[in-house]
Amino acid sequence: MSTEVTVLLVAAAVLVAATLAVAIALLVRLVRARRTLRAAGLPVERQWVFWGAVAYLVLPADLLPDPVFLDDIGVLLLALRSMKPASSGIGGRGAE
């Protein structure tokens with residue numbers, strides 16, 4: 001193999017690893033947010049958002065091919081954003 005191909009393969013592997021790490025970090029944040037909401041006694045009204053985001057990350061059917069986790073990251077960010085309004089009610093208005 002030529003050096004250019006090797007460099008491209010290494011760069012692609014680093015990009016895939018970085019996006020996978022971001023997706024996993026967002027999944028952990030999503031799980032922690034759900035746990036916090038349940039521990040605070042607040043009902044998670046949109047549980048389908050949580051489970052849908054987890055299923056989209058795990059299932060092989062994606063909008064983009066699996067080596068590119070950008071669509072997974074987007075779904076996880078949307079799920080976190082939708083859970084944020086429920087978490088803001090935990091401490092009241094003065095706790096922000």
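Refer to the structure above for everything that follows.
For clarity, every value in this text was computed on a predicted model and none was experimentally measured.

Undergrad: Please give an account of the overall build of the chain that cites residues and values.
TA: Looking only at helices and strands, the chain has 3 helices and 0 strands in total. Across the chain, helices and strands are ordered from the amino to the carboxyl terminus as α-α-α. Relative to its 96 residues, the chain shows a buried fraction of 24%. Partitioning the intrachain contacts of the chain with sequence separation of at least 6 by distance along the chain shows that 63% fall at a separation of at least 24.

Undergrad: So what about the packing of aromatic side chains? Which residues, and what values?
TA: The final tally for this structure, using the stated rule, is 1 aromatic pair. Here Phe50 and Trp51 contribute two aromatic rings whose centre-to-centre distance is 4.8 Å and whose plane-to-plane angle is 80°, an arrangement assigned as edge-to-face. Positioned over the ring face of Phe50 is Arg34, at 4.7 Å from the centre of the ring.

Undergrad: Pulling in residues and values, what's your account of helix α1 (residues 3–39)?
TA: Over its 37 residues, α1 extends 54 Å from the first C-alpha to the last, a length consistent with the 54 Å expected when each residue adds 1.5 Å. Gly41 lies just past α1 and shows a positive phi near 85°.

Undergrad: Hey, could you go over the packing of α1 against helix α2 (residues 47–58) for me, with residue numbers and the actual values?
TA: Helix-helix packing is characterised by the crossing angle of the two axes and by the distance between the axes. Relative orientation of the contacting elements α1 and α2 amounts to 155°, with a least axis distance of 11 Å. Taken together, the axes of α1 and α2 lie roughly antiparallel to each other. Where α1 crosses over α2, the two elements pack in a sense that is left-handed. Here α1 contributes Ala23, Leu27, Leu30, Val31 and Arg34 to the contact with α2, which in turn contributes Gln47, Phe50, Trp51, Ala53, Val54 and Leu57.

Undergrad: An account of α2 is needed here, citing residue identities and associated values.
TA: An α-helix turns once every 3.6 residues. As a result, residues three or four positions apart point the same way. Helix length check: α2, at 12 residues, gives a terminal C-alpha distance of 17 Å against a target of 16 Å (1.5 Å per residue), a fit within 8%. Considered for burial, the residues of α2 that qualify are Val49, Phe50, Ala53, Val54, Tyr56 and Leu57. Seen along its axis, α2 keeps its buried residues to an arc of 160°; they face one direction. Of the exposed residues in α2, the ones pointing more than 90 degrees away from its buried face are Trp48 and Val58.

Undergrad: Lay out the environment of Leu57 in plain terms, naming residues and giving numbers.
TA: Along the chain, Leu57 turns up in helix α2. As a C-alpha pair, Leu57 and Leu27 span 30 residues in sequence and 8.5 Å in three-dimensional space. In this structure, Leu57 is in contact with Ala23, Leu27, Asp72 and Leu76, ignoring residues within four places of it in sequence.

Undergrad: For the nonpolar core, give the residues involved together with the corresponding values.
TA: The biggest cluster of nonpolar side chains holds 15 residues, and the ones touching the most others in it are Ala23, Leu26, Leu30, Ala53, Leu76 and Ala79. Mapped onto this core, the elements with two or more residues apiece are α1, α2 and α3 (70–87). When near neighbours in sequence (up to four residues on either side) are disregarded, Leu76 contacts Ala23, Leu26, Leu27, Leu30, Ala53 and Leu57.

Basis of the calculations
- The written sequence of each chain sets the order in which its residues are numbered from 1.
- With pLDDT at 70 or above as the cut-off, local features in this predicted model cover only qualifying residues; side-chain atom pairs require 80 or more to be listed or tallied, and sums for whole chains, interfaces and linings still use all residues.
- Excluding hydrogens and water, the side-chain figures rest on all heavy atoms present in the structure.
- Each helix is a run of H or I in the DSSP string that is no shorter than four residues. Each strand is a run of E no shorter than two, and both are numbered from the N terminus.
- Exposure is judged per residue with a 1.4 Å probe applied to protein chains only, and the accessible area is read against the type maximum: over 50% gives exposed, under 20% gives buried, and values in between give partly exposed.
- Contact definition: two residues touch when any of their heavy atoms are within 4.5 Å.
- Note on ring pairs: Phe, Tyr and Trp rings are taken, using the six-membered ring of Trp, and paired if centres are within 6.5 Å. Classes follow the plane angle, with under 30 degrees stacked, over 60 edge-to-face and the rest tilted.
- Any Lys NZ or Arg CZ that is within 6 Å of a ring centre and within 35 degrees of that ring's normal is treated as a charge sitting over the ring.
- Expected span of a helix, by definition, is 1.5 Å for each gap between consecutive residues, and there is one gap fewer than residues.
- The axes used here are C-alpha line fits, helices contributing only the stretch in contact, and every angle between their N-to-C directions lies in the interval 0 to 180 degrees.
- Geometric relationships in this document are graded by angle, where less than 35 degrees denotes roughly parallel, more than 145 denotes roughly antiparallel, 65 to 115 denotes roughly perpendicular, and other angles denote oblique.
- By convention the crossing between two helices is left-handed if the near helix lies anticlockwise of the far one by an angle smaller than a right angle, and right-handed if it lies clockwise.
- To be clear, the arc concerns the directions from the helix axis to the C-beta atoms.
- The criterion is simple. A nonpolar core is a set of buried Ala, Val, Leu, Ile, Met, Phe, Trp, Tyr and Cys residues joined through side-chain atoms within 4.5 Å.

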